[in-house]
Structure formats: structure tokens, C-alpha cells
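Tertiary structure, described
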Amino acid sequence: MKRLLFLSALAFTACDFLPGGGGGTGGGSGGGGGSEFSKGFIFVRRDDRNLYAADERDFSSSKQLTTSGGARSPSLSRDGKRVVFVRTVGAETEVATVAVTGGTVSTVISSAAMGPRNARTPVFTPDGTKIVFAFDEGGLSKVGIVDTDGTNFRTVSTSTTLSYAGLSMYPDGSGVLAAAGSSTSMLTQVEKVSLSAGSGMNVVSSLGAEADAITSRVVLSPDGTKAAFDARLKGESAVRIFVLDLTTKAITQLTDYPGDQNASDASPCWLGNDKVCFSSDTGGNDQVYALPSTAMKTSGGLQLAGATEPWYGPNP
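Residues numbered from 1 in each chain as written. Predicted model: local features only at pLDDT ≥ 70, side-chain atom pairs only at ≥ 80, totals over all residues. Heavy atoms only, no water.

**Some points on the overall build of the protein**
If you tally the helices and strands in the protein, you get zero helices and 28 strands. For the protein, with 316 residues in total, the buried portion stands at 54%. At a minimum sequence separation of 6, the contacts of the protein that also span at least 24 residues come to 43%. Summed over all atoms, the accessible surface of the protein reaches about 12500 Å², with 51% contributed by carbon and sulfur. (Helix = DSSP H or I, 4+ residues; strand = E, 2+ residues; numbered from the N terminus. Buried < 20%, exposed > 50% of the residue type's maximum accessible area, 1.4 Å probe, protein only. Contact = heavy atoms within 4.5 Å. Areas by Shrake-Rupley, 256 points an atom, 1.4 Å probe, with all protein chains shown as cover.)

And the structure:
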């Protein structure tokens, strides 16, 4: 039967969805049905590690897209019709896609089939024909690219000293913005990695006075003028959201919780060019929020309850 999840700031209830349509072959099935998705959030629920979609016309109703669990790091194609994500199957990882309407999940490339190890943060190229993602190779985290049908995989990044992770695509498709550092636990810089040359161009060599190291991703605004990232606070374990102005290179701290200093934020994304979305466990709940990118050390802006790892789209 159909599944409708009624969300509030604290709780939700659920029934089942009818299977729906979707593209791709192999890899297992997802849930379908429900109202058509035109714009809104793709996200992961922590309790079952499945993908869900919530259209902005009614964020109180969400649709389940996958059923086998293990999902993380989802992002949308530019046209908002497909989701690419990483799925963990035992000790293996695979890059997979599913239609935003649900249906069959397609495995694009898998470490179980001698593919790249520990795939992370996949994103579509603007034309939707390729997927770029981070993966582990030779002690470093590299940038790889593959056609959406799983062919023509190659390593993009050429650095022998820097690890790259937490990718997002430049609007013109020329490269990806990446968190960079000596290891995936010390991502203290931001670089642009060219998809044609593989070379990295430094954007900022430090994260400012308050941020220590990026923890999940750095995401370009749709117009390419700003970037949002999540980073540990210096000397602390808590994670906050920061905004980088790519023109001035100024970095500001967006979120703060004076009454809940152990709370952590994660997985920033953009709602248009002026709002940053992210998940947070403040108050002991997994919820998605959106705040103006110009705000400083603030909180609020609840969008979705019971949600983590959000991605909003399609954006302008």
C-alpha cells in the first residue's frame, strides 16, 4: 500500500509505498509510487539507511526510493530526475543510481567487481552522462569518473601527495570542488580539480580561524560564487557549517548552538543560491535545516524531521 510519512519536528509515522517506475538495470529494487517529484530533498534515514524523496510542495510527505539499505551520500542530476548515491554491501561499496520516482536501482561500478575501493560523494556531470566520485587508491583518496552505464572508468586526479574528498561539480562541468589534505581525516584545504587535466588548483589553503578539517563535503552554490562545507571546530569534536566566498576567500561560520555545544552538523547542500541546507543532531534529533548563507553563528530553519545527508534540487 502507499506509504506516507507524516513529519513533525520530533516524529513521523509510516505505511508502505507501491512499487513505481524507474530506469536502470540490476542491483535490486526500490520503493515507488506517491506524488510526482518536481523539486525538493533527497535524503537518508539513519534507522534503515534507505533513500527518500520529499517534494517541496509538501515536505510532510516523503517517498521511499530504495529498500535494501546501506545508502549514503546521495545527490541529484541537474534535471532532478535521477539520484546517484553510494551503497554499502557488506565490506564492498558501489556507486548506484535510481530514478527520483523510485524503481530499479542500477549499479554503476562496484568494488566487488574489482572496481574502485571505498567510493564516496558521487555527483553527476551537468549533462548527466558521467558520474564523478572520490575513492581510495594507494594510500590516497582520488577523484574518479565513469560513464553512467559503468564504462570508461578512469582516475582523474594526478596529485601524489593530496587526498581529495567531499566533491561537488562546477556549474560548467569543467571540474569539481574538493576538500583536500594529507589524508581523509585532515582535509584542511579546498581545491578545484580539473576533469580534463586532473590537476588541482588551490582555492584556499586553510579553513580560517575556527574550522579545523572538513568532515563530509564542500558544495558549490548553483551560481558558483560560494561554497558551503562542514568542519570540526578547532580543539573540539563538534562539527559546524561554514560558508566560503569564492571571490573574497572569506570564511564565515554559519551555525552555532550555545545551549547544545556537543551538537554536530553535516552534509551541506544549497537551496537556490542564497540558502544552505544541512542535517543536524541538535536536540538529539536527526533533522534537516535551511539558513541564509549570509547568516553567522545561528540556528533554526527546520525543513525535515528524521532525515540526514540531504541534497536539494533541481537548483537554477
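**Thoughts on the side chain of E309**
Mapping E309 onto the fold places it in strand β28 (residues 308-313). Of the residues examined, E309 reaches a relative accessible area of 14% and is grouped as buried. Of note is the side chain of E309, whose polar atom sits 2.6 Å from the side chain of R49. Within the local environment of E309, its side chain forms a polar contact with the backbone nitrogen of S73, the two atoms lying 2.6 Å apart. In this structure, E309 is in contact with I42, F43, V44, R49, R72, S73, P74, R217, S267 and S279, ignoring residues within four places of it in sequence. (Polar contact = N/O pair within 3.5 Å; in protein donor to acceptor, adjacent residues only side chain to side chain.)

**Observations regarding the pairing of strand β12 (residues 117-124)**
Among the eight residues in β12, six count as buried, and that is most of the element. Bridge analysis of β12 against strand β13 (residues 130-137) gives four bridges, and the strand direction is antiparallel. Following the sheet pairing, F124 is matched in β13 by I131. (Pairing = 2+ DSSP bridges.)

**A word on the sheet that holds strand β4 (residues 40-44)**
In spatial order, the strands read β6-β5-β4-β28; together these four strands make up an open sheet with antiparallel pairing. Bordering the open sheet on either side are β6 (63-64) and β28, each of which pairs with just one other strand. Pairing analysis gives four bridges linking β4 to β28, with the strands arranged antiparallel. The residue of β28 that forms the bridge with V44 is T308.

**Observations regarding the nonpolar core**
Ranked by internal contacts, the top residues of the largest apolar core, which has 55 residues, are F41, V83 and V132. Aside from chain neighbours lying at most four places away, what touches V132 is T121, P122, V123, T125, V143, G144, I145, L167, M169, V176 and L195. The next biggest cluster of nonpolar side chains, apart from the first, holds 20 residues, and it includes Y170, A179, L187 and L233. (Core = buried A, V, L, I, M, F, W, Y, C linked by side-chain atoms within 4.5 Å.)

**Regarding the pattern of salt bridges**
Here the structure, examined in full by the defined rule, presents nine salt bridges. The salt bridge partner of E94 is R87, with a shortest N-O separation of 2.5 Å. In terms of burial, E94 and R87 fall into one category: buried. Here K130 and D147 are joined by a salt bridge, their closest N and O atoms 3.8 Å apart. On the criterion of sequence distance, the pair formed by K130 in strand β13 and D147 in strand β14 (residues 140-147) is long-range, its members being 17 residues apart. The class of D147 is buried, set by a relative accessible area of 14%. (Salt bridge = Lys/Arg side-chain N within 4 Å of Asp/Glu carboxyl O.)

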